[in-house]
Amino acid sequence: MEIALENAMPSYSGGLGVLAGDTIRAAADLRLPMVAVSLLYRKGFFTQRLAEDGSQTEEPVEWRVEDFLTEEPARASVPIEDRRVELRCWRYAVKGVRGSEVPVYFLDADLPSNVEADRALTGTLYGGDPYYRLRQEVLLGIGGVRMLRAMGYGDLTRYHMNEGHAALLTLELLGEEAQKAGRSSIRGEDIEKVRSKCVFTTHTPVPAGHDRFPMEFLTRVFPAQADFLDLNDATTADLMKRALQAEQNFPGLQEAARQGASLNMTQLALGLSTYVNGVAKQHGETSRQMFPGAAIEAITNGVHASTWTSAPFQQLFDRYIPSWREDNYSLRGTLGLPAEEVWAAHLIAKHDLLEVVREKTGLKFDPEVFTIGFARRATGYKRADLILADLDRLRQIAKNSGQFQIIYAGKAHPNDGGGKDIIRRIFHAKKALRKTVPVVFLDDYNLELGGKVTSGVDLWLNTPQFPLEASGTSGMKAALNGVPSLSILDGWWVEGHIEGVTGWCIGESRRTAAGNTPADNTAEAESLYNKLESVILPMYYNDRAKFLEVMQHAIAINGSFFNTQRMVQQYITDAYLR
């Protein structure tokens, strides 16, 4: 997994990395005996630069590993092709609210004993071609288990794979079981033992998020492992058939490669896990449709409450709900807080955000004006520009119902041309709207900026194309700061939405048989405009007390539940202790 722990340690790409960091923080808060493993990305993700027209360019992020991490003396090695790639690891200790720690180990192949191509495998997140990516996953999955053994972690009871990137750890565990039995090839009894130890979480309903690698790559990486699986054993043959999504059984790995078969990392993890879950109830349903026959449960994501609560709200909660850090459920008590103090805390967070806008862009946004926030990875299905579908309508709403301004942030993946086009379209709309509806796009989105935006706006906007939002966590961060959502009913919002109480929905619920019909952008934009014009802006400007009630319910209902403390407790009872 890609883990986000520090702003200045750019070892992550987006939501999954941030979620991993929040999960570890919650595990430390709960004093859970856990250890985490990731790859070390020396070049980070990237620094985003935006031109006048919104064109994005990327620059590597330089950071000194030694400034943040402590090198461990342990070494492990992994076979790749005809070489042994040596690994070291660096340690980061995540401290919990009660003083407990969870160690995170970052695997590093940048050692003089390795050839240059292998040293570069822990250089770039999502870098290189698919073969480069597979070799990274060999280091993470197989190398991760071997490094844990080298450091004395010999009695781990559960291995939790986030997405299929770490699925090759199952092969290392299978090899260990066979070795214990004095065999060199895998049989059904090994599969059952490994399955009982593994937990798998699938995070994306987007096919591109599920890695597939040609078997020719596997036989190239592991030339000496042609007989790794005993395909005369029915259970083993069934596992291979599933992992390759093949109609027929293959006599061996080499023949599978010759016939052009591909290894599906998600199917490998599904076949070797005792518990599998999606990351929201809706996503669980979507995942069961994607992977028919798989027993997929759902544990809805959360965010780490004390990390994503802004300083003014932290201080407010500390005064009135002093147990909130240890017991996130106690945020239910927000309904009893003085409304004027909630508003005062919000205004401080809003001023902090608008100061960032001024520093980054030179623009002075008015703190009295209703402010909408949208900060997500810039990619097609998130539809960042849906609100900009009809600029004349936006001008009309601002004239009829009250002024508003929009703050955007988000990076497009370097290879996502469509995502980059969206940023350019936002810049084009920004110029067209000018001062009627002020729009700004803040560059180089990171953890710190994300925290400023989610806490400082008046409304959180989320417009994914159903059903492609697996969970979404930005709206959860906003809720902790009393910022209600206006969102498509997808991902977590299906569970967190109470109309007019915790926020508002765009369009209708699609959790029906008709839910697979294509998204109607025009109808959903119209719904967005109607809510903004007839409900939200009038409430903000003309019934501030009612708007404050929505803010307090966002914290009390959603902030108290959609957090990683509750999420990790569910993993403990549903997955880790089963």
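Overview of the structure. In this text the structure is predicted, and so the values were computed from the model without any measurement.

## Remarks on the sheet that holds strand β14 (residues 370-375)
Here six strands make up an open sheet; going across it, the order is β16-β15-β14-β17-β18-β19 and the pairing parallel. The outermost strands of the open sheet, each flanked by one partner alone, are β16 (439-442) and β19 (503-506). Taken over all neighbouring pairs, the strand axes of this sheet differ in orientation by 20° on average, direction set aside. Summarising the sheet, strand β18 (residues 485-488) and β19 pair through four bridges and their orientation is parallel. Within the sheet, the bridge partner assigned to Ile-488 lies in β19 and is Ile-506. Along the sheet, helix α19 (residues 521-542) contacts β14, β15 (404-409), β17 (459-462), β18 and β19; its crossing angle with β19, the most-contacted strand, is approximately 160°.

## Here's the deal with the side chain of His-165
Considering the arrangement of structural elements, one finds His-165 in the loop between β8 (159-162) and α4 (169-180). Polar side-chain contacts of His-165 include one of 2.9 Å to the side chain of Asp-211.

## Side note on the nonpolar core
With 73 residues, the main nonpolar core has Val-138, Leu-139, Leu-168, Met-215, Leu-244 and Leu-263 as its most contacted residues. With ten residues, the single largest contributor to this core is helix α3 (residues 130-150). Those residues in contact with Leu-244, other than ones at most four positions away along the chain, are Met-215, Phe-250, Ala-256, Ala-261, Ser-262 and Leu-263. Counting residues in each nonpolar core, the second largest holds 68 residues, with Phe-374, Leu-394, Phe-404 and Trp-493 among its members.

## Regarding the layout of surface pockets
Here the second largest pocket defines a volume of roughly 820 Å³. If you go around the second largest pocket, you meet 39 residues; those closest to its centre are Met-34, Val-35, Arg-158, Tyr-159 and His-160. Only α1 (15-29), β1 (36-39), β7 (101-108), α3, β8 and α21 (564-576) provide two or more residues apiece to the lining of the second largest pocket. The residue makeup of the lining of the second largest pocket, split by class, is 27 nonpolar, nine polar and three charged.

## Structural notes on the pattern of salt bridges
Across all of its chains, the model carries 43 salt bridges by this definition. Salt-bridge contacts for Asp-82 lead to Arg-83; the nearest nitrogen and oxygen are separated by 3.9 Å. Given the relative accessible area of 21%, Arg-83 is considered partly exposed. Among the ionic pairs, Asp-444 bridges to Lys-411, the shortest N-O distance being 3.5 Å.

## Some points on helix α12 (residues 311-320)
Burial in α12 covers these residues: Pro-312, Phe-313, Gln-314, Leu-316 and Phe-317. In this structure, the buried side of α12 is in contact with α11 (305-308), α13 (339-361), α17 (474-480) and α20 (544-559).

## Regarding the pairing of β7
With seven of its eight residues buried, β7 lies for the most part within the structure. Where β1 meets β7, four bridges bridge the pair, whose relative direction is parallel. For Val-37, the partnering residue across the bridge sits in β7 and is Tyr-105. Examined bridge by bridge, strand β6 (residues 83-95) and β7 share eight bridges and lie antiparallel to one another. Bridging from a neighbouring strand, Arg-88 pairs with Asp-108 of β7. Hairpin connection from β6 to β7: five residues lie between these consecutive antiparallel strands, with Gly-99 at a positive phi of about 95°.

## Considering the packing of α12 against α13
At a closest axis distance of 8 Å, the pairing of α12 and α13 adopts a crossing angle of 155°. As far as their axial angle goes, α13 and α12 are roughly antiparallel. On α13, the residues that touch Pro-312, Phe-313, Leu-316, Arg-319 and Tyr-320 of α12 are Glu-341, Val-342, Ala-345, His-346, Ile-348 and Ala-349.

## Some points on the environment of Leu-87
Topologically, Leu-87 is positioned in strand β6. When its relative accessible area of 0% is taken as the criterion, Leu-87 is described as buried. Distance in space between the C-alpha atoms of Leu-87 and Leu-111 is 7.5 Å, their sequence separation being 24 residues. Apart from residues no more than four positions distant in its own chain, Leu-87 is found in contact with Ala-74, Arg-75, Ala-76, Val-78, Asp-108, Ala-109, Leu-111, Leu-139, Gly-143 and Met-147.

## What to know about the environment of Asp-227
With respect to the helices and strands, Asp-227 occurs in the loop between α6 (215-221) and α7 (234-243). Asp-227 sits in the exposed class, given a relative accessible area of 64%. Each C-alpha atom, one on Asp-227 and one on Ser-185, is 6.4 Å from the other, the two residues being 42 residues apart in sequence. With near-sequence residues (within four places) excluded, Asp-227 lies in contact with Ser-184 and Ser-185.

## Remarks on the packing of helix α14 (residues 391-401) against α19
With their axes 10 Å apart at the nearest point, α14 and α19 run at an angle of 20° to one another. It follows that α14 is roughly parallel to α19 by the angle criterion. α14 and α19 meet at a crossing whose hand is right-handed. Contact residues: α14 offers Arg-393, Leu-394, Gln-396, Ile-397, Asn-400 and Ser-401, while α19 offers Glu-526, Tyr-529, Asn-530, Glu-533, Leu-537, Pro-538 and Tyr-541. Of the residues assigned to the contact of α14 with α19, the class counts are six nonpolar, four polar and three charged.

## Considering unusual backbone geometry
For the bond from Phe-466 to Pro-467, the omega torsion is 0°, close enough to zero to count as cis. Looking at the element boundaries, Pro-467 is found in the loop between β17 and α17. Positive phi is not limited to glycine here, since Glu-81 has a value of about 55°. For Glu-81, the location among the structural elements is in the loop between β5 (76-80) and β6. For Glu-81, a relative accessible area of 25% gives the class partly exposed.

## Looking at the packing of aromatic side chains
Going through the model one piece at a time under the given rule, you end up with 18 aromatic pairs. Between the aromatic rings of Phe-370 and Tyr-540, the centroid separation amounts to 4.8 Å while the plane-to-plane angle is 65°, which identifies the pairing as edge-to-face. Here Phe-370 is found in strand β14, whereas its partner Tyr-540 is found in helix α19, with 170 residues between them in sequence. Just as Phe-370 is buried, Tyr-540 falls in that class too. With a centroid separation of 4.9 Å and an interplanar angle of 85°, the aromatic rings of Phe-561 and Phe-562 are classed as edge-to-face. Given the relative accessible area of 3%, Phe-562 is considered buried. For Arg-220, the ring lying beneath its charged end belongs to Tyr-131, and the centroid distance is 4.1 Å. Above the face of the Phe-46 ring, Lys-411 is positioned so that its terminal group lies 4.8 Å from the ring centre.

What counts as what
- Residues numbered from 1 in each chain as written.
- Predicted model: local features only at pLDDT ≥ 70, side-chain atom pairs only at ≥ 80, totals over all residues.
- Heavy atoms only, no water.
- Pairing = 2+ DSSP bridges.
- Helix = DSSP H or I, 4+ residues; strand = E, 2+ residues; numbered from the N terminus.
- Axes fitted to C-alpha atoms, helices over the stretch in contact; angles between N-to-C directions.
- Contact = heavy atoms within 4.5 Å.
- Polar contact = N/O pair within 3.5 Å; in protein donor to acceptor, adjacent residues only side chain to side chain.
- Core = buried A, V, L, I, M, F, W, Y, C linked by side-chain atoms within 4.5 Å.
- Buried < 20%, exposed > 50% of the residue type's maximum accessible area, 1.4 Å probe, protein only.
- 1 Å grid on protein atoms, 1.4 Å probe; cavity = no way out; pocket = protein on both sides within 12 Å on 5 of 7 lines; lining within 4 Å.
- Points joined across faces, edges and corners; volume = space filled by probe spheres on them.
- Nonpolar A, V, L, I, M, F, W, Y, C, P; charged D, E, K, R; others polar.
- Salt bridge = Lys/Arg side-chain N within 4 Å of Asp/Glu carboxyl O.
- Parallel < 35°, antiparallel > 145°, perpendicular 65-115°, else oblique.
- Left-handed = near helix turned anticlockwise from the far one by under 90°.
- Phe/Tyr/Trp six-rings, centres within 6.5 Å; stacked < 30°, edge-to-face > 60°.
- Lys NZ or Arg CZ within 6 Å of the ring centre and 35° of its normal.

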